[in-house]
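Examining the three-dimensional arrangement
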Amino acid sequence: MAPFVDRLLNLDRRWLFLLVFAGVAVPIIMPMGLPVTTTASTRSAFEYIEALKPGDCVLISYDYGPSSAPENDPMAEGIMRQCFMKRIRVVICALYALGGLQLANNSLAKVSAEFPNLKYGVDYVNLGFKDGPAAVMKRMGDDIVGAFPTDVRGTPLAQIPMMKGVRSLRQVSVVVTVATGLIGEYWITQAHPQSGVPIIVGPTAVGAPKYYAYLNAGQLVGMLSGMKGAAEYEKLLAGRYPELGRFYKTTHAFTATKGMDAQTVIHFIIILFILIGNAAYMSQRAARRKAAAR
Amino acid sequence: MNFEFGRVALVVLFALLPIVGIALGFFVPALRARGPLVVGFFAGIIPILSLYIPKRFLSGETGMRPRLDQWLIIVYGFALLLGIVNVIQNGTRKISRRESGWPYSIVLLTGLIVTGALGIWGAVSGQGITTLPDGSGTPFKWIADHFFLPLQATIFALLAFFMASAAFRAFRARNTEATILLVAGILVMAGRVPLLEFLAAPFPPLQPAAAGASQALGKLTEWIMQTPNGAAQSGIIIGAALGAASMAIRVILGIEKGYLGLGGGE
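Residues numbered from 1 in each chain as written. Chains lettered and ligands numbered in written order. Predicted model: local features only at pLDDT ≥ 70, side-chain atom pairs only at ≥ 80, totals over all residues.

Attention shifts here to the overall build of chain A. Summing up its helical and strand segments, chain A has twelve helices and six strands in all. Its C-alpha atoms give chain A principal-axis dimensions of about 85 × 40 × 30 Å. Here chain A holds 294 residues, and 53% of them are scored as buried. For chain A, the share of sequence-separated contacts (at least 6 apart) that also reach a separation of at least 24 residues comes to 74%. (Helix = DSSP H or I, 4+ residues; strand = E, 2+ residues; numbered from the N terminus. Buried ≥ 20, exposed ≤ 12 C-beta atoms within 10 Å, placed from the backbone. Contact = placed C-beta atoms within 7 Å.)

Encoded structure:
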């Protein structure tokens, strides 16, 4: 028994890596379609946007980078699709320096292509990137033009039709911050108290625990927590809008629902590793105690 | 009138005062630290006062506080510039001294110069940094899409492998605290995914029971996240906020001088 346990504990880590690789790759290549159950925080975010009227304005802030794009992209795109379905105006900005704008551009290009009847500058606008997130959102609380004088194409905001009624965050119905680090927290602590704008946050699963404090305190109207939150949102969208249901069912692109299959398998593998590792550790400890008692 | 007062006050506090401070510092070395401290005091106290004194010259749309916010964005831009200078200095030093890993510095600097030059060229030429007027992507966008985005995603993806390896080798129930952490960790990991449905998939008769158990596990996970985790996070956030507030007071009052490079304060 002891040699087997020793061998198990000293297993070449490349075997573990191979198992992890297979655990991620196989479900992505062959989706299993595992069920997704929704949580209250995601439902409340969905219902808040659902209650908005056509012509209202939602600001989606891309506060994440490529490292967490598989978790965060589906959140931002899901919310954008919902807004476009309801003809809610969408303002996009990026406050994350390491690739936020590139992801915002790619995401907007992808989703806007699905809604060819919507027009840039009338139904949606991309403000681009600005460094110094806390300072930028504080400025946006007073005057969006002060923070973003032009959009990403260099057009002055005064010349963009949909920005005429949106001077500051006070005219924005809700800010959706899809965030990987501190920037989501800045929206809650800097922008929300100053302008009163409601906040929905879409953090990575690793970043989600801290946002429960804000959720409990009523400083958030909703939260999409990690890939599961994004998958829940996709499920809610598919349930409310049949055309989006068909889209999520047939698209070949990556979706959070597909990602959840891989995440389930990988969680299973990690739990298995923890249990096996602990069983081997306890067996080794018991053997040592036994040897010491002799 | 009010607006003009705010503007004049800002010019006096953040332009004239620093100039006078620098000039005085030349003649009286003991006064060198005073100027920055006074500027720091006003930069800290004006935003606070603007929250309590609803005067246009302080908190109006063109008052002192919004203008300071605007300046802060500009200062952030300079901080970025400082970072670039720092990267260039470190990289060139590494290359010139042939320190370990110096070839990587060549890659870093080449990437910085090429990407930066393409971005600046796009902005200066008016063609756009990421998208050309005809809607096609610029070389800057090509670099971002084909180098930067996949590389950053790859680095983060490696984490999954290391986490799995660490779970096997290091996540041990060595004592009571570690055991509680381990059990909570397993419950949250299992509850955040349809794990039971996945395990019951090959056994159709077990699937309804698995779905029910999965829902219960999901609720337990939400309770762990909202109640014990939420309470602990609130405590951490409130503690950190109090710490930040006390540090801010020390900086505003000139007790903390570390940011001036003058030592740690009194």
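From this point, things continue past the structure.
Moving on to the overall build of chain B. When you go through chain B residue by residue, the secondary structure sums to nine helices and zero strands. Of the regular secondary structure in chain B, the N- to C-terminal order runs α-α-α-α-α-α-α-α-α. Compactness check: chain B gives a C-alpha radius of gyration of 28 Å against a globular reference of 18 Å for 266 residues, more than 25% above the reference. Overall, the C-alpha framework of chain B stretches about 85 × 50 × 45 Å when taken along its three principal axes. Taking all 266 residues of chain B together, 15% fall into the buried category. For chain B, the share of sequence-separated contacts (at least 6 apart) that also reach a separation of at least 24 residues comes to 34%. (Rg over C-alpha atoms; globule rule 2.2 N^0.38 Å.)

Glancing now at the nonpolar core. Counting 84 residues, the largest nonpolar core has Val58(A), Ile60(A), Tyr62(A), Ile92(A) and Val175(A) as its most contacted members. Val265(A), Ile269(A), Ala164(B) and Phe171(B) belong to the second-largest nonpolar core, a separate cluster that totals 14 residues. (Core = buried A, V, L, I, M, F, W, Y, C linked by C-beta atoms within 7 Å.)

Moving on, we get to the environment of Arg240(A). Residues and elements named next belong to chain A. The topology assignment puts Arg240 in helix 10 (residues 226–240). A count of 15 C-beta atoms within 10 Å places Arg240 in the partly exposed class. As for Arg240 and Asp143, which are separated by 97 residues in sequence, their C-alpha atoms are 35 Å apart.

Further remarks concern the interface of chain A and chain B. Contacts between the two partners involve 53 residues from chain A and, on the opposite side, 50 residues from chain B. Looking at the side of chain A that touches chain B, the elements with two or more residues in it are helix 2 (13–29), helix 5 (100–114), helix 6 (133–142), helix 7 (144–147), helix 9 (208–216) and helix 12 (256–293) of chain A. Residue contributions to the side of chain A that touches chain B peak at 15 residues, all from helix 12 of chain A. Taken together, the residues that form the side of chain A that touches chain B break down as 26 nonpolar, 17 polar and ten charged. (Nonpolar A, V, L, I, M, F, W, Y, C, P; charged D, E, K, R; others polar.)

Residue and element names in this part refer to chain A. Most of strand 2 (residues 89–94) is tucked away, with six of its six residues classed as buried. Burial along strand 2 is two-sided: the residues Arg89, Val91 and Cys93 and Val90, Ile92 and Ala94 are all buried. Where strand 1 (residues 57–63) meets strand 2, six bridges bridge the pair, whose relative direction is parallel. If you follow Ser61 over to strand 2, its bridge partner there is Cys93. Each parallel crossover has a hand, and the one from strand 1 via helix 4 (residues 69–85) to strand 2 is right-handed. (Pairing = 2+ DSSP bridges. Right-handed = clockwise from strand over helix to strand, strands pointing away.)

So, on to the sheet that holds strand 3 (residues 124–129) of chain A. Sheet architecture is open: six strands sit in the order 3-2-1-4-5-6 (chain A), paired in parallel fashion. Looking at strand neighbours, the two that pair on one side only are strand 3 and strand 6 (222–223) of chain A, the edges of this open sheet.

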